[in-house]
Amino acid sequence: MTAQVYVNQIVKKVKCSRKKREEIRRQLLADMEAEIEQGVPLDVVMIRMGEPIAIAEEFNQNLPQQERRQYQRGRIKKAAAVIAVCLAALAFAVYWFLPVGVKFGSSGQFQQAAVEEQAKKVIHMINTGDYEALQAATDVRAQKILTKEVIEDAKRQAGTDWGEFREFGKCYFAEQKLRGSSQAVVQFNASYENIAVTYTLFFNPDLKLSGFYIK
């Protein structure tokens, strides 16, 4: 162990201001160098001085009250800085990984008529059970999720006997940003012989289906 390492182990345990800590560091190194110059081996010097934690505790017991207060203020400031960084990171993560709703058309990537037409086509595929065409109209990353089994199960959750499709009702549009990418969100009310359901469909900028749910 070098004298520098030994002194560092002491100083990092002393609860005082940075200025005072550097003063102690210089003092200890100077004392050790003086003994070494007189021919005392370094390991003997360290044995005479004692364990770093014991030396640090002795310094702590003899520190002025002002130094202790400065140390506490420094810890509070450091903790506040860490919290600020964590909050900033959390805010970025929320922005990046959670969907953020924005006004439809704000991204400039979607046309309402095109989104509406594509949404009606997707609903027609669901109505007719044309899952092969639906897979082709689905984003590659969502194809393994939006399978026939998943969609049929979602339909059963809404009702077991829908009857024939009748007509579309009101339609609502929005956009959302997820991980920096924009998605169009379209919500359709649809009437069937025995039930009325609401579709919420998500499309990427290529108008490929990236998600949906039925209620």
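The structure displayed is predicted, hence computed values, not measured ones.

Engineer: Which parts of the structure should I look at to understand the overall build of the chain?
Structural biologist: From N to C terminus, the chain includes nine helices and five strands. Going from the N terminus to the C terminus, the chain shows its helices and strands as α-α-α-α-α-β-α-α-α-α-β-β-β-β. Across the chain, every contact between residues at least 6 apart in sequence was considered, and the portion connecting residues at least 24 apart equals 56%. As displayed, the chain has an accessible area near 13800 Å², and 53% of this comes from carbon and sulfur atoms.

Engineer: In this structure, what is going on with the environment of Met49? I would like to understand it.
Structural biologist: Along the chain, Met49 turns up in helix 3 (residues 42-49). On the basis of relative accessibility, which here comes to 25%, the residue Met49 falls in the partly exposed class. Expressed as a C-alpha distance, the spacing of Met49 and Met32, which sit 17 residues apart in the sequence, is 9.2 Å.

Engineer: How should I be thinking about the packing of aromatic side chains in this particular structure?
Structural biologist: Working definition: an aromatic ring pair is given by the centre-to-centre distance plus the angle between the planes. This model, assessed by the stated rule, comprises six aromatic pairs. Ring geometry for Trp162 versus Tyr192: centroids 4.8 Å apart, planes at 65°, classification edge-to-face. Taken together, the positions of Trp162 in the loop between helix 9 (148-158) and strand 2 (165-178) and Tyr192 in strand 3 (residues 181-192) put the pair 30 residues apart, joining distant regions of the chain. We note that Trp162, like Tyr192, is buried. The structure contains a cluster of three or more aromatic residues connected by ring pairs, namely Trp162, Phe165, Phe168, Phe188 and Tyr192. Positioned above the aromatic ring of Trp162 is the side chain of Lys155, whose terminal nitrogen or guanidinium carbon lies 5.5 Å from the ring centre.

Conventions adopted
Residues numbered from 1 in each chain as written. Predicted model: local features only at pLDDT ≥ 70, side-chain atom pairs only at ≥ 80, totals over all residues. Heavy atoms only, no water. Helix = DSSP H or I, 4+ residues; strand = E, 2+ residues; numbered from the N terminus. Contact = heavy atoms within 4.5 Å. Areas by Shrake-Rupley, 256 points an atom, 1.4 Å probe, with all protein chains shown as cover. Buried < 20%, exposed > 50% of the residue type's maximum accessible area, 1.4 Å probe, protein only. Phe/Tyr/Trp six-rings, centres within 6.5 Å; stacked < 30°, edge-to-face > 60°. Lys NZ or Arg CZ within 6 Å of the ring centre and 35° of its normal.

Everything listed here is a matter of geometry and, on its own, says nothing about what the molecule does.
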